[in-house]
Amino acid sequence: MLTRKQHELLMFIHERLKESGIPPSFDEMKEALDLASKSGIHRLITALEERGFIRRLPNRARALEVLRLPDSIAPGLNAAKKFSPSVIQGSLGQASLGQGGLGRQIKPASSRMPSAGNDDDVVSAVSIPVMGRIAAGVPIDAIQHQTHSISVPPDMIMGGEHYALEVKGDSMIEAGIFDGDTVIIRNADTASPGEIIVALVDEEEATLKRFRRKGASIALEAANPAYETRIFGPDRVKVQGKLVGLIRRY
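Quick summary incoming for the structure in this document.

What about the overall build of the chain?
- Along the chain, the regular secondary structure elements total three helices and 13 strands.
- Among the 250 residues that make up the chain, the fraction classed as buried is 45%.
- Looking at the chain alone, contacts between residues at least 24 apart form 61% of all its contacts between residues at least 6 apart.
- Carbon and sulfur atoms form 48% of the exposed surface of the chain, whose accessible area is close to 12700 Å².

Here it is, written out as structure tokens:
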């Protein structure tokens, strides 16, 4: 799954190559996507290249090759992934050290509880997918596909759909969430004040922050004094999941 802007840029490049055989210029791409600067195009092209949709040809100016299209556009061209959130770099929340955030909408898969065995004292672990990294600090390159799976105690994920994300950054350290931790997220579209959530902002970027309300607005609160609380209108934020557990290796 691609973000809306990534999808728009990929299809614009694809259509231009079909029409003329020449990729569009950065200025043309900026105008087509109505972006303020070419730096946004550079970021989108890098994201598409990392995800295997396009390739930059060496030693040729503005030379791009489309390797594949999204499955929804070209079924059969790619092997579809049932569980593939699209996580992009973010820029939410830091006052002075850089801003942190991540991703696009995450679509989790159902967690299956183990069947009961003959020994009531034996509790089987449940395997859930690790769907990449979530920025809790400065922006990082993101991953949009399952990297591996981890086993968690079944009582950590009672009911609902779950996935895991690896934390990179320090914006939630006072909530006990450190760089390198793995957070367990339960799919949800609502949250209560004070809960730590994966929030999707403006349909483009997501971040791991504490959910608050400020009148009719929504506040995304970091747990590190170096990061500022960001306040958004209620139509700009969607809850994508709630923190239910954490795994740390020593």
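What to know about the packing of aromatic side chains
- Taken as a whole and judged by the stated rule, the model has zero aromatic pairs.
- Taking NZ or CZ as reference, arginine 68 lies 4.0 Å from the ring centre of phenylalanine 53, over its face.

Quick word on the environment of lysine 209
- Relative to the helices and strands, lysine 209 is located in strand β10 (residues 205–214).
- Distance in space between the C-alpha atoms of lysine 209 and lysine 242 is 9.8 Å, their sequence separation being 33 residues.
- Of the polar contacts made by the side chain of lysine 209, one reaches the side chain of threonine 207; its length is 2.9 Å.

Observations regarding the nonpolar core
- Counting residues in hydrophobic clusters, the biggest one holds 16 residues, and the most contacted among them are Leu9, Leu10, Met29, Ile45, Leu48 and Ile54.
- Mapped onto this core, the elements with two or more residues apiece are α1 (4–20), α2 (26–33), α3 (38–50) and β2 (64–66).
- For isoleucine 54, the contacting residues outside a window of four places in its chain are Leu10, Ile45, Leu48, Glu49, Leu64, Glu65, Val66 and Leu67.
- Counting 14 residues, the second-largest nonpolar core is a separate cluster that includes Tyr163, Met172, Ile177 and Ile185.

As for α1
- In a regular helix each residue adds 1.5 Å, so 17 residues correspond to 24 Å; α1 covers 24 Å between its end C-alpha atoms and thus fits that length.
- Within the sequence span of α1, burial applies to Lys5, Gln6, Leu9, Leu10, Met11, Ile13 and His14.
- On its buried side, α1 packs onto α2, α3, β1 (54–56) and β2.
- Where α1 terminates, the next one or two residues include glycine 21, which has phi positive at roughly 80°.

Overview of the environment of serine 171
- Positionally, serine 171 belongs in the loop between β7 (162–168) and β8 (182–186).
- A relative accessible area of 0% places serine 171 in the buried class.
- The spatial distance from the C-alpha of serine 171 to the C-alpha of leucine 208 is 8.7 Å, given a sequence separation of 37 residues.

As for the pairing of β7
- The buried fraction of β7 is high, at five of seven residues.
- In this structure, β7 lies alongside β8, joined through five bridges in antiparallel fashion. Counterpart to tyrosine 163 in the pairing with β8 is isoleucine 185.

Section: α2
- The set of residues buried in α2 consists of Met29, Lys30 and Leu33. The buried side chains of α2 occupy one side of the element, clustering within an arc of 100° when seen end-on.
- Check the buried side of α2 and you find it contacts α1, α3 and β2.
- Positive phi appears at aspartate 34, one or two residues downstream of α2, with a value of about 55°.

Some thoughts on unusual backbone geometry
- Even without glycine at this site, aspartate 34 takes up a positive phi of about 55°.
- Considering the arrangement of structural elements, one finds aspartate 34 in the loop between α2 and α3.
- On the basis of relative accessible area, aspartate 34 is assigned to the exposed category, the value being 69%.

Cut-offs used in this document
Residues numbered from 1 in each chain as written. Predicted model: local features only at pLDDT ≥ 70, side-chain atom pairs only at ≥ 80, totals over all residues. Heavy atoms only, no water. Helix = DSSP H or I, 4+ residues; strand = E, 2+ residues; numbered from the N terminus. Buried < 20%, exposed > 50% of the residue type's maximum accessible area, 1.4 Å probe, protein only. Contact = heavy atoms within 4.5 Å. Areas by Shrake-Rupley, 256 points an atom, 1.4 Å probe, with all protein chains shown as cover. Phe/Tyr/Trp six-rings, centres within 6.5 Å; stacked < 30°, edge-to-face > 60°. Lys NZ or Arg CZ within 6 Å of the ring centre and 35° of its normal. Polar contact = N/O pair within 3.5 Å; in protein donor to acceptor, adjacent residues only side chain to side chain. Core = buried A, V, L, I, M, F, W, Y, C linked by side-chain atoms within 4.5 Å. Expected span 1.5 Å × (residues − 1). Pairing = 2+ DSSP bridges. Arc of directions from axis to C-beta.

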